[in-house]
Structures are given as structure tokens and as C-alpha cells.
Amino acid sequence: MAVEGGMKCVKFLLYVLLLAFCACAVGLIAVGVGAQLVLSQTIIQGATPGSLLPMVIIAVGAFLFLVAFVGCCGACKENYCLMITFAIFLSLIMLVEVAAAIAGYVFRDKVMLEFNKDFRQQMQNYRRDNRTTLALDKMQEDFKCCGAANYTDWESVPTVPKGQVPDSCCINVTKDCGASLQINNIYSEGCVEKIGGWLRSNVLVVAAAALGIAFVEVLGIVFACCLVKSIRSGYEVM
């Protein structure tokens, strides 16, 4: 039995929200992939709480896309079981997102401590391992920084001669530009603080996006419950 009256409007709005869910799912996957790329470039290694967050975001995005598909099928066929499944899974996704947001806030300082420790460890492998060398150079060039706290950190690296820094520390990168250590020609800020500042500047954007997604999900749950109630009433009438 097809829904009638105001439920037709609810059904239409649910379709609109399902499209929004698909867009949110793609956005979450993109954010997760982007965060994973940033973490891989900053050489954070191991299964730490901070390094696992991007994988959680990607998984939630993929699951949200699947749930949106289930909701679309349920709304199209006005299937009671599918709509109940959609509402339950959407509620679970909200719980996971809230947990991920709390974990990200709680472990934010720990992530930076891990990054600082790992960055200094990897500096000791500079010019000993090509992958590490390329990663450190790319990070210093991209974030316009030098060393962990500042350029003096390179003095403790055995593979870098005293009084020199990697060429990637130079404001204008040229061959052997770091050999003659001139303070005015190299980046003064350390990479740990520079990347930490970049992360902090993007927290508000991420928080606003998360609130928007949560609001859309709440509306989806409400509309799904209304449609489920209408479908159930139709079954009882029959």
C-alpha cells in the first residue's frame, strides 16, 4: 500500500536526504584518504589511535554509502524491514562518528607527541634510506619548515655535516643551498609546530562539517521513522 498525504512529502524529503548522504559519504571517504596521505607523509608509523582515525573515517564513509543505498531501496519499495534496517544502521553510524570525534579530540596531543618523536627518529636515517630522505625533503618543502623544532635539530644528525642543513630547508631550493648555512635563506619554523598549526587551523572546518553531517543524519532517522510508522499503519489497515 503506497503512502498518502503528508507521507508523500516525507518520502520525497527522504530521497533528498539520501542524495545528501551519498554526498556526505563521498566527502568522508575523501577526507579519510586525504588525512591518511598527510599522516603517511609525516611518517607517523604503527597502529596508534591517531593513525587509525583516517581508516575509521573511510570505513564510515563507505558504510554510509551502503546504508544510503539500503534506504533508497526501502523508500522506493516502501519496505518496512529495509526502512527499519536503514534507521538502525544510520543511528549506529552517528554513534561511530561521535566516538571518532571524541577520540580525535582526546588523542590530539598524543598524535603530535608521537609525530615529534617519530620525526626525530627518522631524521637520524636521513641520507641512509632513500624513502625517508624523500619523505622528509617533501615535508619540509610542502610545509615550509626545517627540522623538528628548528634548523638546529639537524646538528645532531650524523649524516648531515656540522653547519649544514638539507637543501629542502632553503626558502629557494637550489643544489647545495643548505651547505652554506645562512639563517635568512632557510625556514625558521620547525615542522612539528608548523604541521600542528596547520591541523589546528583546520579543526573548525572539520567540526563544522561533522555537525552538518550529524544534522542531516538526524533528519534522515526522523523521516525514516515517520515513513516506517506510515508503512506499518498501511499494513494494519490491510
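Our structure is the block above this text.
Residues numbered from 1 in each chain as written. Predicted model: local features only at pLDDT ≥ 70, side-chain atom pairs only at ≥ 80, totals over all residues. Heavy atoms only, no water.

## Focus: the overall build of the chain
Next up, step 1: Of the regular secondary structure elements, the chain holds six helices and zero strands.
Next up, step 2: Residue burial in the chain is summarised as follows: out of 238 residues, 36% are buried.
Next up, step 3: Looking at the chain alone, contacts between residues at least 24 apart form 71% of all its contacts between residues at least 6 apart.
Next up, step 4: Counting only carbon and sulfur atoms, one obtains 68% of the accessible surface of the chain, whose full area is about 13200 Å². (Helix = DSSP H or I, 4+ residues; strand = E, 2+ residues; numbered from the N terminus. Buried < 20%, exposed > 50% of the residue type's maximum accessible area, 1.4 Å probe, protein only. Contact = heavy atoms within 4.5 Å. Areas by Shrake-Rupley, 256 points an atom, 1.4 Å probe, with all protein chains shown as cover.)

## Quick word on the pattern of salt bridges
Next up, step 1: Summed over the entire model, instances satisfying the criterion amount to three salt bridges.
Next up, step 2: A salt bridge links Asp142 to Lys138; the shortest N-O distance between them is 2.9 Å. With a gap of four residues between them, Asp142 and Lys138 both fall in helix 5 (residues 130–143), about one helical turn apart.
Next up, step 3: Among the residues examined, Lys138 registers a relative accessible area of 42% and is labelled partly exposed. (Salt bridge = Lys/Arg side-chain N within 4 Å of Asp/Glu carboxyl O.)

## What to know about the state of the cysteines
Next up, step 1: A full pass over the atoms with the stated rule returns three disulfides.
Next up, step 2: Paired through a disulfide, Cys145 and Cys191 show a sulfur-sulfur distance of 2.1 Å. On the S-S bond that ties Cys145 to Cys191, the torsion sits near 90°, and the link is right-handed. Placement of Cys145 in the loop between helix 5 and helix 6 (191–237) and of Cys191 in helix 6 is noted, with a sequence separation of 46 residues between them.
Next up, step 3: You can call Cys145 buried: its relative accessible area is 0%. (Disulfide = S-S within 2.5 Å.)

## Side note on the nonpolar core
Next up, step 1: Core analysis: the largest hydrophobic core is formed by 27 residues, its most contacted members being Leu14, Phe21, Leu64, Met83 and Phe86.
Next up, step 2: Those elements giving two or more residues to this core turn out to be helix 1 (6–41), helix 2 (49–77), helix 3 (80–106) and helix 6.
Next up, step 3: Among all residues touching Leu64, those that are not within four sequence positions of it are Phe21, Cys24, Ala25, Leu28, Leu90, Ile93 and Glu217.
Next up, step 4: By size, the runner-up hydrophobic cluster in this structure holds 23 residues, among which are Tyr126, Cys146, Trp154 and Val157. (Core = buried A, V, L, I, M, F, W, Y, C linked by side-chain atoms within 4.5 Å.)

## Side note on unusual backbone geometry
Next up, step 1: Not every positive phi belongs to a glycine, and Arg127 is a case in point at roughly 70°.
Next up, step 2: Checked against the element boundaries, Arg127 lands in the loop between helix 4 (108–123) and helix 5.

## A closer look at empty space enclosed by the protein
Next up, step 1: Evaluation of the coordinates by the stated rule reveals one cavity of 30 Å³ or more.
Next up, step 2: By volume, the largest cavity amounts to about 30 Å³.
Next up, step 3: The class makeup of the residues in the lining of the largest cavity is three nonpolar, three polar and one charged. (1 Å grid on protein atoms, 1.4 Å probe; cavity = no way out; pocket = protein on both sides within 12 Å on 5 of 7 lines; lining within 4 Å. Points joined across faces, edges and corners; volume = space filled by probe spheres on them. Nonpolar A, V, L, I, M, F, W, Y, C, P; charged D, E, K, R; others polar.)

## Some details on the environment of Ala210
Next up, step 1: Summarising the element assignment, Ala210 is placed in helix 6.
Next up, step 2: Along the primary structure Ala210 and Glu97 are separated by 113 residues, whereas in three dimensions their C-alpha atoms are 8.2 Å apart.

## Some thoughts on the packing of aromatic side chains
Next up, step 1: The tally for this structure, following the rule as stated, stands at three aromatic pairs.
Next up, step 2: Between Phe21 and Phe86, the ring centres sit 6.1 Å apart and the planes meet at 50°, which makes this aromatic pair tilted. Of the two residues, Phe21 sits in helix 1 while Phe86 sits in helix 3, which places them 65 residues apart along the sequence. Of the two residues, Phe21 and Phe86, both sit in the buried class.
Next up, step 3: Aromatic side chains Phe63 and Phe89 sit 5.4 Å apart centroid to centroid with 55° between the ring planes, which places their arrangement in the tilted category. (Phe/Tyr/Trp six-rings, centres within 6.5 Å; stacked < 30°, edge-to-face > 60°.)

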